[in-house]
Amino acid sequence: MGTTLNCWELVVTYYLISLVAVQTIIEPPSPVNLTISWKNEFCLELSWRLPENVDENWKNCKYLISDDRLSDTRYETCVSLEGGVNFSVQTQCNGMQSQPVVHTIAAPRELVKDFHCFYYSSNALNCSWLPTNQSPEDIHLYYAYSETEINVSNTSECRSYRRNVGGKTGCLVRVDFRTLKVYFQVNGTVNGSSLRNTFKVIPKDNVKPPAPKVKITKKENNLNLSWNHPNISKSHCWNYKLNYSRCQESLNKTTKSNSETIPYDPRCQYRVQIKAVYSSNCGEGESDWSGVEIYGEEDWFSKVIAIVIPATLFLFVILFLCCFMKHKEKIFPKIPQPSMTYKDTLNSSKEPKTFKGNLYVPVEENVEYKISLEKEPQLPTMQPDC
């Protein structure tokens, strides 16, 4: 019995020691004193440290922040404040992580809304926005670009603003965008306070070139469709959606080439549209549909549909109305008037009838009858004048 108790004591003691050890490993010390300092309009530095008097085992820990694993207690990045920013820092030791420490930068007051920038040529971004109710008249747009996340260079102000009745609504930014990221800042003064909004744009993921222009030429029994590649990236980054109609038949194709050959039917008219689509291997985006290019005369079947059928319907309506007016009485006959005999029968119950001439009345025995016969009135005889 004593041996059994000693065994249980050993098991419980081992469990408690293990629990304390696991508890110690699971909870590395969380970082403290998170501070932020701005390096320029778009980039900042976040710093922290471990609590004082921590065990020596924690001094060689790593740190997790924004999916990055760091050895240093500093973190540099360039950010967009659109919607606000949250930074979460955790200590990591022996595969275990501490409780996260979060630092939040709230979203600033909105100077503009619906801010967009589209990459529409090899050296230009077309940016636009909508003013808000508190948009100042002295809005300015600044931009800088970078190939990394920790630094930007060449901060410049827009030189080609687009204006509307309400003020500035866009900017044409011309610069070499082989870089990966572009940062924008819209600033202005509202009620004496200087405000700013910042945005980040990755040009390759916001591509929108002008719509291609289609050229149609006839060669033997075919039509050759051709167009130019957009002035962005290499030709292998582009696919093309082709919509065209032949007579009343609608067709479509997708191709990587900048030309296409289709069979030609001289009886038909051809209508062609095209759209350029940026390949997912290169980025994201597409152009608008091009204008409709027409080749050939309108086909005879369309003319029949457009002229003969409406004329036939009009003629049918006229004939129908004529026939209806002619046979209206047969289709909707008049209700006949009651006959004189039927009228007399109806009136007999209302007033006595005056009879002319002799009336035979059957006589029953022991019954006296009095019948008054009125004579027919005599018209006066007209005597001629002597």
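The structure under discussion appears in the preceding block.
Residues numbered from 1 in each chain as written. Predicted model: local features only at pLDDT ≥ 70, side-chain atom pairs only at ≥ 80, totals over all residues. Heavy atoms only, no water.

1. Points about the pairing of strand β10 (residues 124-131)
- Relative to β10, strand β9 (residues 112-121) runs antiparallel, the two being bridged by seven bridges. Within β10, the position partnered with Y119 by the bridge is L125.
- Between β9 and β10, which pair antiparallel and follow one another directly, the connecting turn spans two residues.
- Sheet analysis places β10 next to strand β14 (residues 167-174), joined by five bridges and oriented antiparallel. Across the sheet, N126 pairs through a bridge with L172, a residue of β14. (Pairing = 2+ DSSP bridges. Helix = DSSP H or I, 4+ residues; strand = E, 2+ residues; numbered from the N terminus.)

2. What about the environment of L195?
- By secondary structure assignment, the location of L195 is in strand β16 (residues 193-201).
- On the basis of relative accessibility, which here comes to 16%, the residue L195 falls in the buried class.
- Remark: the alpha-carbon pair of L195 and I139, spanning 56 residues in sequence, is separated by 9.9 Å.
- When near neighbours in sequence (up to four residues on either side) are disregarded, L195 contacts R109, L111, V186, N187, G188 and V190. (Buried < 20%, exposed > 50% of the residue type's maximum accessible area, 1.4 Å probe, protein only. Contact = heavy atoms within 4.5 Å.)

3. A closer look at the packing of aromatic side chains
- The final tally for this structure, using the stated rule, is ten aromatic pairs.
- Ring centres 6.0 Å apart and planes at 10 degrees place the aromatic pair F115 and W129 in the stacked group. Placement of F115 in strand β9 and of W129 in strand β10 is noted, with a sequence separation of 14 residues between them.
- Accessibility expressed as a relative area gives 10% for F115, which makes it buried.
- Overall, the relative accessible area of 2% leaves W129 in the buried class.
- Between Y264 and Y270 the ring centres are 5.7 Å apart and the planes differ by 35 degrees, which places this aromatic pair in the tilted class. Comparing Y264 with Y270, the two get one shared label, buried.
- Following the ring pairs from residue to residue traces out a cluster consisting of F115, W129, Y143, F184 and F199.
- A cation sits over an aromatic face here: R196 above W38, 4.9 Å from the ring centre.
- The residue whose ring lies beneath K208 is F118, and the NZ or CZ to ring-centre distance is 5.3 Å. (Phe/Tyr/Trp six-rings, centres within 6.5 Å; stacked < 30°, edge-to-face > 60°. Lys NZ or Arg CZ within 6 Å of the ring centre and 35° of its normal.)

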